[in-house]
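Structural characterization, general
So you can see what is in the structure, the chains are spelled out below.
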Amino acid sequence: MSVPQASQDTASLVKRLAGPSVTKAGLAKDQTEINRIIAEASKGSKFYDNEKRKDKDLTERIGVILKHRDDLLRNADKSKIERTVDHMLTELEARRDLSQIIVHVDMDAFYANVEMLDNPDLKGKAFGVGHLHGVLTTASYEARKFGVRSGMPGFIAKKLCPDLIFVDIHFKRYSEMSAVIMDIFKQYDPNMYPAGCDEGYLNITEYCRAHSLSADICVQEMRARVHRETDLTVSAGIAPNKMLAKICSDKNKPNGQFHLPFERDAILSFMHDLSIRKIPGIGRVNERLLESIGIKTCGDIYTYRATVYLMDKYFGLQFLLRTHLGIASNNVEPVLREERKSIGAERTFSPLGDKEQILKKLEEVAVELENDMQKTGWAGRTLTLKYKLDTYQVFTRAKSFDRWISKKGDLFMNGKELLMHEWPVKLRLIGLRMTKLKDLRAAEDKGIKRFFSAAGPSSPAKRQKMGHRESMEPEEVLDVSDEYQEDCESMPGYEEHEFEEAGLAIEIPDDPITEPGDTGSSRPPQSRPSKPISSAAKPMSKKPTSTAQKPRSMATQEKDEGGDEGEGGRSCVCPICGKSMETDNSGLNAHIDFCLSRSAILEAQVESLNRQKERKGKKR
Ligand code: TTP
Ligand code: MG
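What comes next is a walk through the structure. Model, not experiment: these values are computed from the prediction.

When helices and strands are tallied, the chain shows 25 helices and 15 strands. Considering the chain as a whole, with its 620 residues, one finds that 58% of them fall into the buried category. Intrachain contacts of the chain at a sequence separation of at least 6 include 73% that bridge at least 24 residues. Surface accessibility of the chain: about 25800 Å² in total, with carbon and sulfur atoms responsible for 52%.

Moving on, we come to the packing of aromatic side chains. The geometry of an aromatic ring pair is captured by two quantities: the separation of the ring centres and the angle between the planes. If you walk through the whole model with that rule in mind, you get 10 aromatic pairs. With a centroid separation of 4.7 Å and 40 degrees between ring planes, the pair formed by Y188 and Y207 is classed as tilted. Of this pair, Y188 sits in helix α8 (residues 171-188) while Y207 sits in helix α9 (residues 205-210); the two residues are 19 residues apart in sequence, bridging distant segments of the chain. Residue Y207 is classed as buried on the basis of its relative accessible area of 16%. Taken together, a centroid distance of 6.1 Å and an interplanar angle of 25 degrees make the contact between F258 and F270 stacked. Of this pair, F258 sits in strand β8 (residues 257-259) while F270 sits in helix α12 (residues 264-272), and the two are 12 residues apart along the sequence. Of the residues examined, F258 reaches a relative accessible area of 22% and is grouped as partly exposed. In this structure an aromatic cluster arises from ring pairing among F110, Y111, F171 and Y174. When the ring centre of Y302 is taken as reference, the NZ or CZ atom of R305 above it lies at 3.8 Å. Over the aromatic face of W404 sits the side chain of R381, whose NZ or CZ is 4.1 Å from the ring centroid.

Another point: the site of ligand 1. Ligand 1 sits among 17 residues. The nearest are K24, A109, T138, Y141 and R144. In the environment of ligand 1, an oxygen atom lies 3.1 Å from a nitrogen or oxygen atom belonging to the backbone of M107. With respect to ligand 1, the backbone of T137 contributes an N or O atom lying 3.4 Å from a nitrogen atom. Protein chains shield 96% of the accessible area of ligand 1, which is 550 Å² for the free molecule.

Read across the sheet, 5 strands follow the order β5-β6-β1-β7-β8 without closing on themselves; strand pairing throughout is mixed. Since the sheet does not close on itself, it has two edges, and those belong to β5 (193-194) and β8, each with one partner. Two strands pair when backbone bridges link them, and strand β1 (residues 102-107) and strand β6 (residues 199-203) are joined in this way by 5 bridges, in the antiparallel orientation. Bridge pairing links I102 to N203 in β6.

Turning our eyes to something else, we now look at the pairing of strand β9 (residues 342-352). Most of β9 sits inside the fold, with 10 of its 11 residues counted as buried. Taken together, the 8 bridges between β9 and strand β12 (residues 427-439) define a ladder with antiparallel strand orientation. Within β12, the position partnered with R347 by the bridge is I430.

Turning to the side chain of N113, a few remarks are in order. Looking at the secondary structure, you find N113 in helix α5 (residues 110-118). Setting aside chain neighbours within four positions, we find N113 in contact with D108, L232 and T233.

Okay, the coordination of the magnesium ion (ligand 2) next. Those protein atoms acting as donors to the magnesium ion (ligand 2) are D106 (OD), M107 (O) and D198 (OD), and they sit at 2.0 to 2.2 Å. For the magnesium ion (ligand 2), the 6 donor atoms in the first shell make angles of 84 to 177 degrees at the metal, a pattern classed as octahedral. Between consecutive donors of the magnesium ion (ligand 2), the numbers of intervening residues give the motif D-M-x90-D. One end of the pair, D106, is in strand β1; the other, D198, is in the loop between β5 and β6, and 92 residues separate them in sequence.

Time to look at helix α17 (residues 317-325). The buried count for α17 comes to 8 of 9 residues, which makes it a mostly enclosed element. Downstream of α17 by one or two residues, G326 has phi in the positive range, about 75 degrees.

Between helix α18 (residues 355-376) and helix α19 (residues 408-420), the least distance of the axes is 9 Å, while the angle of their chain directions is 140 degrees. Here α19 runs oblique to α18, going by the angle between their axes. Two packed elements cross with a definite hand, and for α18 against α19 that hand is right-handed. In contact with K355, I358, L359, L362, E363, A366, V367, L369 and E370 of α18, α19 contributes K408, L411, F412, G415, K416, L419 and M420.

On the basis of which strands lie adjacent, the open sheet formed by 3 strands has the order β3-β2-β4 and mixed pairing. Each edge of the sheet is formed by a strand with only one pairing partner; in this case those strands are β3 (136-139) and β4 (165-167). Each neighbouring strand pair of the sheet contributes to a mean axis angle of 30 degrees, computed without reference to strand direction. Relative to β3, strand β2 (residues 127-130) runs antiparallel, the two being bridged by 3 bridges. Note that in β3 the partner of V129 across the bridge is T138. Strands in contact with α5 are β2, β3 and β4; relative to β2, the strand with the most contacts, it is inclined by about 100 degrees.

Procedures and definitions
Residues numbered from 1 in each chain as written. Chains lettered and ligands numbered in written order. Predicted model: local features only at pLDDT ≥ 70, side-chain atom pairs only at ≥ 80, totals over all residues. Heavy atoms only, no water. Helix = DSSP H or I, 4+ residues; strand = E, 2+ residues; numbered from the N terminus. Buried < 20%, exposed > 50% of the residue type's maximum accessible area, 1.4 Å probe, protein only. Contact = heavy atoms within 4.5 Å. Areas by Shrake-Rupley, 256 points an atom, 1.4 Å probe, with all protein chains shown as cover. Phe/Tyr/Trp six-rings, centres within 6.5 Å; stacked < 30°, edge-to-face > 60°. Lys NZ or Arg CZ within 6 Å of the ring centre and 35° of its normal. Near = heavy atom within 4 Å. Polar contact = N/O pair within 3.5 Å; in protein donor to acceptor, adjacent residues only side chain to side chain. Pairing = 2+ DSSP bridges. Donors = N, O, S within 2.8 Å, 3.2 Å for Na, K, Ca; no water. Tetrahedral: all angles 85-135°; square planar, octahedral: opposite > 155°, others 65-115°. Axes fitted to C-alpha atoms, helices over the stretch in contact; angles between N-to-C directions. Parallel < 35°, antiparallel > 145°, perpendicular 65-115°, else oblique. Left-handed = near helix turned anticlockwise from the far one by under 90°.

Structure below.
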């Protein structure tokens, strides 16, 4: 089998195939050989083909963006723009806030270390949590030395580390331990924000003041307490804002802490050589996009500030300028119910083409979603069906209602209706997600108020506006999410469901569902604290929605409904198809993505249809 060498043509693909967790702590320094083995092991699989296609799409998209950049630069007064940006930087600098002590805490090899508590024989051994025929949720630090890491298919991990031990996943245990550690963290900041099952942000300014403690001692004490009470280790980053604290918690992993000086110059020099990939919100795709315009480190942002200024809609000028300066939000608060945007459930399985079997999976998903919605007190008005073809391409279809739905019957029947529009298809994942949520608990609280308010959301005028609408545009995993722009805490355009991609990066021979209630992915079920899709893909400022990011079709649809506008809508022209439209940055990016991926998606659909027909033909 010929192995892709890291030539000009294949370097990006090899890097892409290496997966999302390449920046994880404890991995071997030189990833070249590891990446080569991964590429070799993946070659020939549908996953490989899909990654190759996505890499090609991205290369094309970059080509378009670069052409657009050249056009813009040709007509621009570069030094004037640089002066404007310098002025913006001065203004941002003037508002730098170094007054709050922010800590990011992150448990070390969380699932693995919990497993070690229950089976001390694993101590010192290279093991992964997950199955040979599934994906690893995480790996012990001994296994990481071989390049084994989260989201990696088991068979690839075994190639990298032939003696690797596979340990079963026990979500219940991780949830229990998560609750224990969160309780400890809350003693130091009752308003802390749990950012996943094993990590969180704290503002310890008040605690340090009240107990006359330095930040270092306070964090040491907190980590020691976690260790004393759980036998698990935790690492921490201490910095003036959440972005920096998150980057710092990785610095001395495992079982360490890192304190970034609260001084402008120290922060600037820390940022100067920092790879942009270390910034939360910059994953593989954003990294490639930024590298294409010359930005590899946060220091490079300054060098290319004129380009970034002109290309604001692609790269997010404010976000990048703030990143360059090491400025980000220092606002830490707990997750508020009203911030929840969606609730969903999904199932992963070995590729299925049989209608009955797929509908059975859909029904299971509908039951799980109904349970979750009931347990947590939500109803919703937009239902999105998500499915992943056996070719690994992901699509969403959405439908809005003029009433609140949460019952299995509604979820299943409407999900089925959306799916039947696509039939025949061969799937490896199916999911349902509700958005446009209504908090039933809030409704209970406000029962009397509601009684007196005549025109609620179901007033005739609004009902007419919402109507019944279906979004039938094919969508891909590369996601554009306008939620993330709100306070310049992430790049506008190109989010990637990295965790999910990695988590399904194989031909899974058996249904990987191991425990009742398991969603079938490598993530814990909805009702438990779950790790964000990937820390890099998770914006610092956003509270977690229930699982995945908002699918792009939803973003488009919400705009159509006229409910969520006002985020800088303006008229722009798509550089691909030339269509002009009234939209904001993310709307434009979504459209560009769609333009670029449409042909590839249609091709895949046609291919899939042909395969189905062939099979039917053979049966006859
Ligand atoms: P992480 O904190 O990202 O990883 P970790 O705690 O295993 O290792 P470390 O922080 O020391 O680098 O994730 C916490 C848990 O979330 C992890 O133990 C397993 C789960 N997880 C997955 O299931 N899949 C993933 O892709 C990732 C990144 C994590
Ligand atoms: Mg961790």
